[in-house]
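Chain and residue survey
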Amino acid sequence: MSIVIIEDEPAIADTLVHILEMDGFDVHWFTTAGAGLAHLQQQTADLVILDVGLPDGNGFDLCKQLRQFSAVPIIFLTARGDEIDRVVGLEIGADDYVTKPFSPREMLARVKLRLRKLQPAATATPVQSVKKWEAKNFDYYYQGMALGLTALEFKVVHALITHSPNVLSRAQLLDATQAPADCGYERNIDSHIKAIRIKMKQLGCSEALKTKRGFGYYFEGFM
Ligand code: CA
């Protein structure tokens, strides 16, 4: 499996590259946001490890850019408390974070945990052969069946699943879709949700997408 590391500190990157390669991963290391983005636009990865402070930008902006075209799991490397607050706020589509300094073993464990959640066929326990929810090719699959989501609907579902079981407001969901802020735009989220629910209902899983009245929406029981 392929892992992309975007980190400008060689000492940290070397350690990560070493321990991941020792474990059999195919590792690509980049020192700038631009180089990492260019690579990920050309080639898929199974997971991205992303530093927040990069020479040509920050990891948060890069994460948002990646989320426009990819649902790849992203683990942030954070150094400071305020960075952790932003990652934990999970408004940027991150899947997990590890704080510096970290032990390589801890990082390896996080990477494996994250990949196990997304790649059941390769690594899951035998009792669960088909994953309940799975992101693949910009669509979500429920028990192996594709929902048939549009690009915008995929972004909405992805944001909800990534942040589950937290409630996301219409504004947060709109932000996740990167849609232009036209008038009445927050209502558009409601119509996307409606369309998503119809597709979920066809697969018998519409119960998972909940409305929190007065706040927004959330996803329940996707694991
Ligand atoms: Ca850095």
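Bear in mind the structure is a predicted one, so any value in this text is a computation, not a measurement. (Residues numbered from 1 in each chain as written. Predicted model: local features only at pLDDT ≥ 70, side-chain atom pairs only at ≥ 80, totals over all residues. Heavy atoms only, no water.)

**A closer look at the overall build of the chain**
Definition in use: Helix and strand assignments follow DSSP, with helices taken as H or I runs no shorter than four residues and strands as E runs no shorter than two, numbered in order from the N terminus. Accessible area is worked out with a 1.4 Å probe on protein chains only. A residue is then buried under 20% of its type maximum, exposed over 50%, and partly exposed in between. By definition, residues are in contact when any of their heavy atoms lie within 4.5 Å. Note on areas: Shrake-Rupley with a 1.4 Å probe; residue coverage comes only from the protein chains shown.
Counting secondary structure elements, the chain contains nine helices and 13 strands. Relative to its full complement of 223 residues, the chain shows a buried share of 45%. Put simply, 57% of the contacts in the chain that link residues at least 6 apart link residues at least 24 apart. Accessible surface for the chain amounts to roughly 11300 Å². Of this, 51% is attributable to carbon and sulfur atoms.

**A few points about the coordination of the calcium ion**
Here is the rule: The donor set covers N, O and S atoms within 2.8 Å of the metal, switching to 3.2 Å for Na, K and Ca, and it leaves out water, so a site may look short of donors.
Around the calcium ion, the protein contributes the donor atoms D8 (OD), D51 (OD) and G53 (O), at 2.2 to 2.3 Å from the metal centre. As a motif over one chain, the donors of the calcium ion read D-x42-D-x1-G.

**Focus on the sheet that holds strand β9 (residues 139-142)**
For clarity, the threshold we go by: Two strands are said to pair when DSSP picks up at least two bridges between them. Think of each axis as a best-fit line through the C-alpha atoms, taken over the contacting stretch in the case of a helix, with angles from 0 to 180 degrees between the N-to-C directions.
An order of β8-β9-β10 is seen for the three strands of this open sheet, with the pairing classed as antiparallel. If you trace the sheet from one side to the other, it starts and ends with β8 (133-136) and β10 (145-146), each paired once. Bridge analysis of β9 against β10 gives two bridges, and the strand direction is antiparallel. Bridging across to β10, Y142 finds its partner in M145. Each of β8 and β9 touches helix α7 (residues 151-163); the most contacted strand, β9, lies at about 60° to it.

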